[in-house]
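# Understanding the architecture of this molecule
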Amino acid sequence: MTSVPLIPTTGSSAIPLIDRFHPDRPLTVHFYRPQAHGPDDPVVIVQHGMLRNGDEYRDFWIPAAEKHRLLIVAPTFSDAQFPEAESYNNGLVMEASGEARKREEWLYGVPARIFAALQASGVTRQARARLFGHSAGGQFAHRLLATQDPSVFSAVIAANPGWYTLPDLQRQFPEGMGGIGLSENELARWLAYPMHIFAGDQDIAEDDPNLPSQPEALAQGRSRYARAHFVYGFAEREAKRLGMVFNWRLIRVEGVGHDGAAMSRAAAAFWFEGTVPPASALVFDDAAQL
C-alpha cells in the first residue's frame, strides 16, 4: 500500500504514502512517536480540518502523546491532490456524474489501511486504533463510520463538524446514506457504534464563511453547535423508530469554539484521563481554528 515502509522514527516525522486505490494521488502521513512508545501502546489517528494541516493537528497531540505513550498518526490529504470538500470531507464517494464510485475507492478506507501497514511493519501490535477528527476531519470521521466496517477503531470522536450525514437511507449522500449502495445493516451498525460527537458550546457563529451553507446543511441548524444537537436528536429518534440499538453520545465542551487545538486536548483528556477539562485548561494562544 505504501511506496516506502511505514516505520516512523522517534519524534516528529512525515512519510509519503501511496494508497493502492489512489495511485495518482500521493498523500503524506505525519507522525509523532514518543521515545517511550512501544508496540503495545495506543495508536491515535487524527484527521485534520479544511486547511489540510495534518502536521499542526499532529502537534496538538504531542503533549498527550508524551504523557500517555501514544503514537499519533495524521494522514494529510492536500488540496492539490484532494481538492474541495468532495475529495476529502465527502470521501471521494461520488463521481462528478453523480454516480457512486466503487466502495474500495472511497477515501474513508485509507485510515484503516494505514493502520494495517503499521501493524505489518511491527510498529504496533494493537488490534484497534482510536480515531479523532475536527471540523472537516469531523465530517470525515463520522462519514467513515457511516460507510465502513468500524471494527478497526476502538473509539471515534467527531468534533465540531460543519454539517452531518444523517442516518437515513432515503436521503442521498452526503445528506444521508442513500444512493451509494448502503443498506439497513450499515445503518444499524452505525447507530450501534459508540460514536462521540464533541460540540464546543462556543462554536455558535452563524456567519462563518467556512460554515457549510447549502440548504441541506442549513436545515440542520444555523451553527455547528446547533447542528450537533440536531443530528444527535435525529439519530436517537430514528433508532427508536426502527427498533435499532443507539449508542452515540453528545459531549458538550464548555467554553470552546471552533478550535482544533482545544478540541484535541479535550479528546485526549477524555480518552486517557476520563474527563473533559475546563476551558482554562484547553484554550491557549496556539489554537488553530479550522
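Refer to the structure printed above.
Every value quoted in this text rests on a predicted model; they were computed, and no experiment measured them.

### Examining the overall build of the protein
For the protein, the count of helices and strands is eight helices and eight strands. Relative to the globule expectation of 19 Å for 290 residues, the C-alpha radius of gyration of the protein, 18 Å, shows essentially globular dimensions. Dimensions along the principal axes, computed over C-alpha positions, put the protein at roughly 50 × 45 × 35 Å. In the protein, which comprises 290 residues, the share counted as buried stands at 58%. Looking at the protein alone, contacts between residues at least 24 apart form 68% of all its contacts between residues at least 6 apart. Of the roughly 11,700 Å² of accessible surface on the protein, 49% is carried by carbon and sulfur atoms. Taking the average place of the 26 positive charges on the side chains of the protein and the average place of its 33 negative ones, the gap between the two points comes to 5 Å.

### Some thoughts on the environment of Gln81
The residue Gln81 is located in the loop between strand 4 (71-76) and helix 3 (110-120) in this model. Owing to a relative accessible area of 26%, Gln81 belongs among the partly exposed residues under this scheme. Beyond its immediate sequence surroundings of up to four residues, Gln81 is in contact with Asp24, Arg25 and Pro26.

### Points about helix 5 (residues 184-192)
Looking only at helix 5, the buried set comprises Glu186, Leu187, Trp190 and Leu191. Projected down its long axis, helix 5 carries its buried residues within an arc of 130 degrees, all on one side. Each element contacted by the buried residues of helix 5 is listed here: helix 4 (136-147) and helix 7 (224-242).

### Quick word on the packing of aromatic side chains
Applying the stated criterion across every chain yields a total of 14 aromatic pairs. Relative to Phe60, the ring of Tyr57 has its centre 5.0 Å away and its plane inclined at 65 degrees; by these criteria the two rings are edge-to-face. Of this pair, Tyr57 and Phe60 both sit in helix 1 (residues 54-60), three residues apart, which is roughly one turn of the helix. A relative accessible area of 0% means that Tyr57 is categorised as buried. Judged by relative accessible area, which is 11%, Phe60 ranks as buried. Here Phe198 and Phe270 contribute two aromatic rings whose centre-to-centre distance is 5.3 Å and whose plane-to-plane angle is 80 degrees, an arrangement assigned as edge-to-face. Linking Phe198 in strand 7 (residues 196-200) with Phe270 in helix 8 (residues 260-273), this pair joins segments that are 72 residues apart in sequence. Three or more aromatic residues link up through ring pairs in this structure, and these residues are Phe77, Phe82, Tyr88, Tyr108 and Phe140.

### Looking at the sheet that holds strand 2 (residues 27-33)
Sheet architecture is open: eight strands sit in the order 1-2-4-3-5-6-7-8, paired in mixed fashion. Each edge of the open sheet carries a strand with a single partner, namely strand 1 (11-17) and strand 8 (249-253). When strand polarity is set aside, the average angle formed by the axes of neighbouring strands in this sheet is 20 degrees. Bridge analysis of strand 1 against strand 2 gives seven bridges, and the strand direction is antiparallel. Residue pairing across strands places Leu17 opposite Leu27, the latter belonging to strand 2. Contacts between helix 8 and the sheet are confined to strand 3 (43-47), strand 5 (129-134), strand 6 (153-159), strand 7 and strand 8, with strand 5 contributing the most and set at about 155 degrees to the helix.

Cut-offs used in this document
Residues numbered from 1 in each chain as written. Predicted model: local features only at pLDDT ≥ 70, side-chain atom pairs only at ≥ 80, totals over all residues. Heavy atoms only, no water. Helix = DSSP H or I, 4+ residues; strand = E, 2+ residues; numbered from the N terminus. Rg over C-alpha atoms; globule rule 2.2 N^0.38 Å. Buried < 20%, exposed > 50% of the residue type's maximum accessible area, 1.4 Å probe, protein only. Contact = heavy atoms within 4.5 Å. Areas by Shrake-Rupley, 256 points an atom, 1.4 Å probe, with all protein chains shown as cover. Lys, Arg positive; Asp, Glu negative; His and termini not counted. Charge placed at Lys NZ, Arg CZ, Asp CG, Glu CD. Arc of directions from axis to C-beta. Phe/Tyr/Trp six-rings, centres within 6.5 Å; stacked < 30°, edge-to-face > 60°. Pairing = 2+ DSSP bridges. Axes fitted to C-alpha atoms, helices over the stretch in contact; angles between N-to-C directions.

Worth remembering: the numbers are spatial, not functional.
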